[in-house]
Amino acid sequence: AASFGKILGVDFYMHSLRHNWTTSLIRAGLPETVIKELAQWSSLDMVAIYNDCEAEEQFANYFKNGDINVSGKKSINEL
């Protein structure tokens, strides 16, 4: 991991991959409970640990122009 980070010129560690994966799934709209099951974690606390989305970014999914954003249910294929 240290060698890879030096080559890329970024701070890289193995858990960076978990952070990236979890954050990407949250941004794609997967519920935290689904992410927990996919990762086979025992609690939702692990999702919170690896979620790097800012609260404002997540709020934007639910509130637009001062109103609550109501979106239709999506199937897993639409994510």
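Scroll up for the structure.
The text that follows walks through the structure, step by step, so that each part is easy to find. Only a predicted model underlies this, so the values are computations on that prediction, with no experimental measurement involved.

So, about the overall build of the protein. Helix and strand counts for the protein come out as five helices and two strands. Put simply, the protein runs from its N terminus to its C terminus through helices and strands in the order α-α-α-α-α-β-β. Residues counted as buried form 20% of the 79 residues belonging to the protein. Contacts spanning at least 24 positions in sequence make up 39% of the contacts within the protein whose residues lie at least 6 apart. Carbon together with sulfur atoms contributes 54% to the accessible area of the protein, which is approximately 6300 Å² in total.

Moving on: the packing of helix H2 (residues 15-27) against helix H3 (residues 32-39). Two elements in contact, H2 and H3, have axes whose closest approach is 10 Å; the angle formed by their N-to-C orientations is 145°. The interaxial crossing formed by H2 with H3 has right-handed handedness. Across the interface between the two elements, Trp21, Thr22, Leu25 and Ile26 from H2 touch Ile35, Leu38 and Ala39 from H3. Across the contact of H2 with H3, the residue classes tally to six nonpolar, one polar and no charged.

To continue, consider a nonpolar patch on the surface. On the surface, a nonpolar cluster with roughly 420 Å² of combined accessible area is contributed by Phe4, Ile7, Leu8 and Val10. Its place among the elements puts Leu8 in helix H1 (residues 2-8).

Further remarks concern unusual backbone geometry. The phi torsion at Gln40 lies on the positive side, around 60°, for a residue other than glycine. By the secondary structure assignment, Gln40 is in the loop between H3 and helix H4 (45-50). On the accessibility criterion, Gln40 (72% relative accessible area) is exposed.

On inspection of all chains with the given rule, the structure shows one salt bridge. Among the ionic pairs, Lys36 bridges to Glu37, the shortest N-O distance being 2.7 Å.

Structurally, Leu25 can be placed in helix H2. Given the relative accessible area of 16%, Leu25 is considered buried. Along the primary structure Leu25 and Asn51 are separated by 26 residues, whereas in three dimensions their C-alpha atoms are 9.2 Å apart. Those residues in contact with Leu25 that lie beyond four places of it in its chain are Leu30, Ile35 and Leu38.

What counts and how
- Residues numbered from 1 in each chain as written.
- Predicted model: local features only at pLDDT ≥ 70, side-chain atom pairs only at ≥ 80, totals over all residues.
- Heavy atoms only, no water.
- Helix = DSSP H or I, 4+ residues; strand = E, 2+ residues; numbered from the N terminus.
- Buried < 20%, exposed > 50% of the residue type's maximum accessible area, 1.4 Å probe, protein only.
- Contact = heavy atoms within 4.5 Å.
- Areas by Shrake-Rupley, 256 points an atom, 1.4 Å probe, with all protein chains shown as cover.
- Axes fitted to C-alpha atoms, helices over the stretch in contact; angles between N-to-C directions.
- Left-handed = near helix turned anticlockwise from the far one by under 90°.
- Nonpolar A, V, L, I, M, F, W, Y, C, P; charged D, E, K, R; others polar.
- Patch = residues over 30% accessible without salt bridge, like charges linked within 9 Å, V, L, I, M, F, W, Y side chains within 5 Å.
- Salt bridge = Lys/Arg side-chain N within 4 Å of Asp/Glu carboxyl O.

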